[in-house]
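Residue strings, one per chain:
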Amino acid sequence: MENIESKCGKIKEELETRLANVSDLKTLEEVRIEFFGKSGKITLLVGDIRNVPNEQKKKYGELTNATKEYAIAYFDDKKAVLDHLALVAEQQNSTAYDMSVPSKKKVGSLHPVTIVANEFSEIFKSMGFIVEQGNEIETEYNNFEALRIGKDHPARDMQDTFYLEDGRVLVTHTSSAQNRIYKQYGAPVRAIFPGRSYRNEDVDATHDVSFFQLEGILVDENITVANLLYFMKSVFSKAFGREIEVRLRPYFFPFTEPSFEVDVKCIYCGDTPCKVCKETTWIELAGCGMIHPEVLEMGGIDSKKYRGFAFGMGLTRFATLKYGIKDIRELHNLNFLKQFGLK
Ligand code: DAH
């Protein structure tokens, strides 16, 4: 019996050595026949039980079968490795996987909102602004109180604001980042912060529960409404690529004083009033105003020394205007968005 134990050990060792030198499936097949074929070493070893005396058959069977199982598992492992290598080699040789062949398909496209956000970011950067990012989840303080939006302000209504269980909110406007920016950078500061805003609205062609805005602040000494008007005119002229007529219309926002809405002369009208501007020849594009001194103070900025203006524009709205997209819901439609593929 001792004899058979060492015999099993020797066959295992032999198989291991043989397989170690095999690097292709053809040689592997030769090894298979050599060990597992009709007169293969393992087959003969197991079959030899016939010649073993009866009282030793049980032990012999156990030992040789264990050897066979071990050998099969060892062989299968090697086969799996070689199969995989063969597949990789095949893929590398086939044109379908040739990484050096230039792609015929365009793989993706920038979203129209991303396109306009990038364009505005470049414009503002050229005017010395840093591009920052606000949070999408904010404290009520930053979204409301730090902007002088009191507890009973209609904007806080449950209808409009998504409240989280912990009392924080999904930001209802990008103005919510103002306080953090003031505290982080102090004055003077010029920053824009494009981002996503959320409002609990019924969705239709012109409203969505989430949309993109771009907020900006400029704080320095001696800043006036004249600077604001000139600034808005420059920004929109750059954005549309030509001189644009701009007007400030008095409005109300709790965080600015005075506050305005910014209209640009309709770029679609030509000689006759058009539908885009509802035949008014003006299109409203942003809200803005001189930052309320209390808002500056809440951000740790000395409002006696510094003044500034803030503005917030609808990036989603701008994108739909720029590309003539009639229904805001198209902005979620991948088939529709394909056309904005990189040229
Ligand atoms: N946060 C305002 C909104 O979502 C937009 C806005 C208006 C931002 C005036 C401003 C501003 O910074 O000065 O409707």
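All values reported here derive from a predicted model rather than from experimental measurement.

Undergrad: Tell me about the side chain of Asp263, and please be specific about residues and values.
TA: Summarising the element assignment, Asp263 is placed in strand 7 (residues 256-265). On the accessibility criterion, Asp263 (2% relative accessible area) is buried. Separated by 2.7 Å, the side chains of Asp263 and Arg249 make a polar contact. The residues contacting Asp263, other than those within four sequence positions of it, are Glu245, Val246, Arg247, Arg249, Trp282, Ile283 and Glu284.

Undergrad: An account of the sheet that holds strand 7 is requested, with residue identities and associated values reported.
TA: Taken in spatial order, the seven strands line up as 1-4-5-9-8-7-6 in an open sheet, and their pairing is mixed. Every other strand in the sheet has two partners, leaving strand 1 (130-131) and strand 6 (246-251) as the edge strands with one partner each. Two elements, strand 7 and strand 8 (residues 282-291), share eight bridges in a ladder whose sense is antiparallel. By the bridge assignment for strand 8, Phe260 is matched with Cys288.

Undergrad: Can you lay out the site of the ligand for me, pointing to particular residues and giving the numbers?
TA: Around the ligand there are 15 residues in total, and His173, Ser175, Arg199, Gln213 and Glu215 lie nearest to it. A distance of 3.0 Å separates a nitrogen atom of the ligand from a polar side-chain atom of His173. Here a nitrogen atom of the ligand and a side-chain polar atom of Ser175 are 2.8 Å apart. For the ligand, the accessible surface in isolation is 350 Å², of which the surrounding protein chains cover 89%. Within the residue set of the shell around the ligand, elements represented by two or more residues are strand 5 (210-220), strand 8 and strand 9 (307-314). Classifying every residue of the shell around the ligand gives five nonpolar, eight polar and two charged.

Reading the values: rules and limits
Residues numbered from 1 in each chain as written. Predicted model: local features only at pLDDT ≥ 70, side-chain atom pairs only at ≥ 80, totals over all residues. Heavy atoms only, no water. Helix = DSSP H or I, 4+ residues; strand = E, 2+ residues; numbered from the N terminus. Buried < 20%, exposed > 50% of the residue type's maximum accessible area, 1.4 Å probe, protein only. Polar contact = N/O pair within 3.5 Å; in protein donor to acceptor, adjacent residues only side chain to side chain. Contact = heavy atoms within 4.5 Å. Pairing = 2+ DSSP bridges. Near = heavy atom within 4 Å. Areas by Shrake-Rupley, 256 points an atom, 1.4 Å probe, with all protein chains shown as cover. Nonpolar A, V, L, I, M, F, W, Y, C, P; charged D, E, K, R; others polar.

By themselves, these observations are geometric and do not establish any function.
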